[in-house]
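Take a look at the letters that make up each chain.
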Amino acid sequence: MGYRVAVVGATGAVGREMLNILAERQFPASDVVALASRRSLGTEVSYGDKTLKAKVLEHYDFSDTDIALFSAGGSISEEYAPKVAAAGCVVIDNSSKFRMDPDVPLIVPEVNGDALAGYTKKRIIANPNCSTAQLVVALKPLHDRAKIKRVIVSTYQSASGAGKAGMDELFQQTRAVFVSDPIEKDVFTKQIAFNVIPHIDVFLDDGSTKEEWKMVVEVKKIIDSAIKVTATCVRVPVFVGHSEAVNIELEQPLSAEEARDLLRESPGCMVVDKREDGGYITPVECVGEYATYISRIRDDITTENGLAMWVVSDNLRKGAALNAVQIAEQLIARHLTKPRG
Ligand code: A2P
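What comes next is a walk through the structure. A quick note: this is a predicted structure, and the numbers were derived from the prediction, not measured.

### Points about the sheet that holds strand β5 (residues 55–56)
In space, the 6 strands of this open sheet follow the order β5-β2-β1-β6-β7-β8, with parallel pairing throughout. Taken across any chain shown, the strands that pair with only one partner, and hence form the sheet edges, are β5 and β8 (124–126). Across the sheet, helix α2 (residues 74–86) lies against β1 (3–8), β6 (67–70), β7 (90–93) and β8, angled at about 175° from β6, the strand it touches most. Across the sheet, helix α9 (residues 317–333) touches β1, β6, β7 and β8, and the angle it forms with β7 is around 150°.

### Some words on the packing of helix α4 (residues 130–146) against helix α7 (residues 256–264)
Their axes nearest at 10 Å, the elements α4 and α7 cross at an angle of 120°. It follows that α4 is oblique to α7 by the angle criterion. Once α4 is placed against α7, the crossing between them reads as right-handed. On α7, the residues that touch A138, P141, L142 and R145 of α4 are A259, L262 and L263. By residue class, the composition of the contact of α4 with α7 is 6 nonpolar, no polar and 1 charged.

### What to know about the site of the ligand
The environment of the ligand is formed by 15 residues, the closest being T11, A13, S37, R39 and S40. Between G9 and the ligand, the recorded distance is 3.1 Å, taken from a backbone N or O atom to an oxygen atom. Contact distances for the ligand include 2.5 Å between an oxygen atom and a side-chain N or O atom of S37. Classifying every residue of the shell around the ligand by side-chain character gives 6 nonpolar, 7 polar and 2 charged.

### Describing the sheet that holds strand β9 (residues 148–157)
What the 6 strands build is an open sheet, ordered β10-β9-β11-β14-β13-β12; its pairing is mixed. Looking along the sheet, the strands with just one partner apiece sit at the ends: β10 (228–235) and β12 (269–271). Pairs of neighbouring strands in the sheet enclose a mean axial angle of 25°, with direction left out of account. Where strand β11 (residues 242–250) and strand β14 (residues 306–313) come together, 8 bridges link them in antiparallel fashion. Paired with E244 across the two strands is V311, which belongs to β14. The strands touched by α4 within the sheet are β9, β11, β12, β13 (292–299) and β14, with β11 carrying the most contacts at an inclination of about 25°.

### Quick word on helix α1 (residues 13–24)
Taking 1.5 Å of rise per residue, 12 residues should cover 16 Å, and α1 covers 17 Å from first to last C-alpha, within 8% of that figure. Residue Q26 follows α1 closely and has a positive phi angle near 50°.

### Comments concerning the pattern of salt bridges
Taken as a whole and judged by the stated rule, the model has 22 salt bridges. Linking R38 and E58 is a salt bridge whose minimum nitrogen-to-oxygen distance equals 2.8 Å. Placement of the pair is R38 in the loop between β2 (29–36) and β3 (44–47) and E58 in the loop between β5 and β6, with a sequence separation of 20 residues. Assessed through its relative accessible area of 39%, E58 is described here as partly exposed. Put simply, K164 and D168 hold a salt bridge, and the shortest N to O gap is 3.0 Å. In this pair, K164 and D168 both sit in helix α5 (residues 163–179), 4 residues apart, roughly one turn of the helix. Within the structure, one salt-bridge network assembled from shared partners comprises E17, E24 and R317.

### Let's talk about the environment of M309
Note on placement: M309 falls in strand β14. Along the primary structure M309 and I248 are separated by 61 residues, whereas in three dimensions their C-alpha atoms are 8.5 Å apart.

### Points about the pairing of β14
Of all the 8 residues making up β14, 8 are buried; the element is thus mostly covered by neighbouring parts of the structure. Where β13 lies against β14, 5 bridges are found, and the strand directions are antiparallel. Residue pairing across strands places R298 opposite A308, the latter belonging to β14. The antiparallel hairpin formed by β13 and β14 contains 6 residues in its connecting segment, where N305 sits at a positive phi of about 55°.

Conventions we followed
- Residues numbered from 1 in each chain as written.
- Predicted model: local features only at pLDDT ≥ 70, side-chain atom pairs only at ≥ 80, totals over all residues.
- Heavy atoms only, no water.
- Pairing = 2+ DSSP bridges.
- Helix = DSSP H or I, 4+ residues; strand = E, 2+ residues; numbered from the N terminus.
- Contact = heavy atoms within 4.5 Å.
- Axes fitted to C-alpha atoms, helices over the stretch in contact; angles between N-to-C directions.
- Parallel < 35°, antiparallel > 145°, perpendicular 65-115°, else oblique.
- Left-handed = near helix turned anticlockwise from the far one by under 90°.
- Nonpolar A, V, L, I, M, F, W, Y, C, P; charged D, E, K, R; others polar.
- Near = heavy atom within 4 Å.
- Polar contact = N/O pair within 3.5 Å; in protein donor to acceptor, adjacent residues only side chain to side chain.
- Expected span 1.5 Å × (residues − 1).
- Salt bridge = Lys/Arg side-chain N within 4 Å of Asp/Glu carboxyl O.
- Buried < 20%, exposed > 50% of the residue type's maximum accessible area, 1.4 Å probe, protein only.

See below:
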């Protein structure tokens, strides 16, 4: 018997990828339902070679649903996830709403799949922030081998991290620059076309942004609370694919060569590091891929046991939809859930 699955936010950038990935990976679903707002009632979305018509979340009865993948924003998760979980469904939530709740596991399956067992307290499992997911995939093997003390990360995050509306704004502004139309801003605080913006999510009292704070606290929750992280998160005019320049300070020595060999063998990692023109990955090359790509691995001689590297992944996939589907797959593989029917 298959699982009855609902995708909440199925008309959005991540929701559409969730449907693609469920189909691509042949998730054992007997039924998949696409849910969105009233505005999208009847909107068609693809699920493999099938077309689903979106239904309205607020009218949907989850009493037969086994797994709900949420990607409709924090306020929708806050309102609906606890109700849907109370109806007996497992919620895998892509918003930041429950990530730091001690009763909600925050999971990247390759990194801390064992923490999944704790999901029964609330029946909610959180997906990390997109920039955290790819970072922890690359950091975990290094931490296990040589213990990470401190990480300095600068991100180059694509417009799709701000949803479909973010991609539309990048497209419209790019067009407007070419035809000399006025630049209209709605999603981003400054022009994003042909520009970069050192500001993602709201500002906090200490001058950092919430996106930067999320990376700090989520790395600690997923890998080890002893790791110190400092982040600078920047939006760049790329449609899909987040990149990160990462500097790492380790407790024990680990050369760039050793790190490269280790990461080559690590789950979810793909090393492309030829030290020649074009011998590294850029965001356009990772679109539609599952892996976290690691390039430019080198010693950082400005500190003891230092390493530097470049980490790129499809933020809609490993950073969101793929990770959510992998969590659902792990729940099944670990016998932590079964179909209700
Ligand atoms: P809709 O298209 O009907 O607005 P993105 O992050 O790409 O902007 O996508 C957000 C997703 O969340 C969309 O599928 C959107 O549906 C959905 N969503 C937004 N508000 C609601 C709501 N009130 N109820 C259900 N889904 C919602």
